[in-house]
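# Residue-level structural notes
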Amino acid sequence: GKISPYRAFCLALGGAVGMGNIWRFPTLVSKWGGMTFLLPYFLFVLLIGSTGIIGAMALGRSTRSGPIGAFGQAAALRGRRSAGEAVGYIPVLGSLALAIGYSCVVGWIFRYFALALDGGLFAMGQDMNVIVDRFNGTACGWGNNFWLVIALAVNFAIMAFGVGGGIERANKVMMPVLFFLFAGLGVYIATLPGAGDGYRYIFTLDPAGLADPKLWIYAFGQAFFSLSLGMAIMVTYGSYVKKEENLAKNAAIICGM
């Protein structure tokens, strides 16, 4: 069945805001010098958002199809529908591969949630040796198998209710919770010792560093990965968007998030 534009928008944000922002982005900002990295990153987000994101959503809205059908219809204009559909399978298979990896991550989340409830997480304190040993034990096969089964069971239960009753309803709850958690985390970090030095580092710009081509390559790659442009998520989202919706406005909100 059809899903509302707001809930479809939550699905799009779920694709755009992922592990690339939570894990990889802070690492690159730290490695490449705070604002020295952020400046080209924001530039590429603006460029990709004003071209690729809008284009992907427009393709989905015009064809009213997912990636396979959308690329197939686009290629049909040149008499190569089957070739276009074959290309459409690439992001679908890529999403499947990512889903396999994310299933492991969800298992970790359930494990650490259980640790938070029974006090195990608090008991680790700030001893990095204990924290690393616990994570290594969780990340290994036998340490995560039980929690992986729980993660898959929850995912299958959500999908069993379909797009409207399952996926969109879950995202409608989980996305606001995600932003609430990050807002709380931001407040907590601001109270930690040395937070001021961290903020100064983030907002420090080294003009000489901008001359390094690798910086721009990493910034472009992070912007492209953060927006999940190659996974055809925005094409799928666009297939649910009404004709009167402003795609440029939606793209700006997604990029801003």
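Residues numbered from 1 in each chain as written. Predicted model: local features only at pLDDT ≥ 70, side-chain atom pairs only at ≥ 80, totals over all residues. Heavy atoms only, no water.

## Some words on a nonpolar patch on the surface
Together, Phe-182, Leu-185, Tyr-188, Ile-189, Leu-192, Tyr-199 and Phe-203 give the surface a local cluster of nonpolar side chains, amounting to about 680 Å² of exposed area. Counting residues per element, the nonpolar patch draws most heavily on helix α9 (residues 162-190), at four residues. Judged by relative accessible area, Phe-182 falls into the partly exposed class, the value being 38%. (Patch = residues over 30% accessible without salt bridge, like charges linked within 9 Å, V, L, I, M, F, W, Y side chains within 5 Å. Areas by Shrake-Rupley, 256 points an atom, 1.4 Å probe, with all protein chains shown as cover. Salt bridge = Lys/Arg side-chain N within 4 Å of Asp/Glu carboxyl O. Helix = DSSP H or I, 4+ residues; strand = E, 2+ residues; numbered from the N terminus. Buried < 20%, exposed > 50% of the residue type's maximum accessible area, 1.4 Å probe, protein only.)

## Quick word on the packing of helix α4 (residues 67-76) against helix α5 (residues 81-118)
The N-to-C vectors of α4 and α5 enclose an angle of 150°; their axes lie 7 Å apart at closest approach. In terms of axis orientation, α4 runs roughly antiparallel to α5. Seen from above, α4 lies across α5 with right-handed handedness. Taken together, the residues of α5 that come into contact with α4 (itself represented by Pro-67, Ile-68, Phe-71, Gly-72, Gln-73, Ala-75 and Ala-76) are Arg-81, Gly-84, Glu-85, Gly-88, Tyr-89, Pro-91 and Val-92. (Axes fitted to C-alpha atoms, helices over the stretch in contact; angles between N-to-C directions. Parallel < 35°, antiparallel > 145°, perpendicular 65-115°, else oblique. Left-handed = near helix turned anticlockwise from the far one by under 90°. Contact = heavy atoms within 4.5 Å.)

## Structural notes on the pattern of salt bridges
The full count for this structure, using the stated rule, is two salt bridges. Taking the shortest distance from any N to any O, the salt bridge between Arg-81 and Glu-85 comes out at 3.2 Å. Of this pair, Arg-81 and Glu-85 both sit in helix α5, separated by four residues, roughly a single helical turn.

## Section: the packing of aromatic side chains
One pass over the structure, following the stated rule, counts ten aromatic pairs. Seen in terms of ring centroids, Phe-44 and Phe-220 are 5.3 Å apart; in terms of plane orientation they differ by 80°. Their pairing is edge-to-face. Taken together, the residues Phe-44 in helix α3 (residues 35-63) and Phe-220 in helix α11 (residues 213-226) connect sequence positions 176 residues apart. Since its relative accessible area comes to 38%, Phe-220 is described here as partly exposed. On the numbers, 6.0 Å between centres and 35° between planes, the contact of Phe-220 with Phe-224 is tilted. Of the two residues, Phe-220 and Phe-224 are both situated in helix α11; the distance of four residues between them amounts to about one turn of the helix. According to the relative accessible area criterion, Phe-224 is partly exposed, its value standing at 34%. Lying across the ring of Tyr-218, Lys-31 places its NZ or CZ 5.7 Å from the centre. (Phe/Tyr/Trp six-rings, centres within 6.5 Å; stacked < 30°, edge-to-face > 60°. Lys NZ or Arg CZ within 6 Å of the ring centre and 35° of its normal.)

## Some remarks on the environment of Leu-59
Note that Leu-59 resides in helix α3. Along the sequence, Leu-59 and Ala-74 sit 15 residues apart, while their C-alpha atoms lie 8.2 Å from each other. Contacts of Leu-59, omitting those with residues within four sequence positions, involve Ala-70, Phe-71, Ala-74 and Val-235.

## Some points on the side chain of Arg-111
Relative to the helices and strands, Arg-111 is located in helix α5. Asp-118 provides the closest opposite charge to the buried, salt-bridge-free Arg-111, at an N-O distance of 5.4 Å. When sequence neighbours within four positions are dropped, the list of residues in contact with Arg-111 reads Arg-134, Thr-138 and Trp-147. (Lys, Arg positive; Asp, Glu negative; His and termini not counted.)

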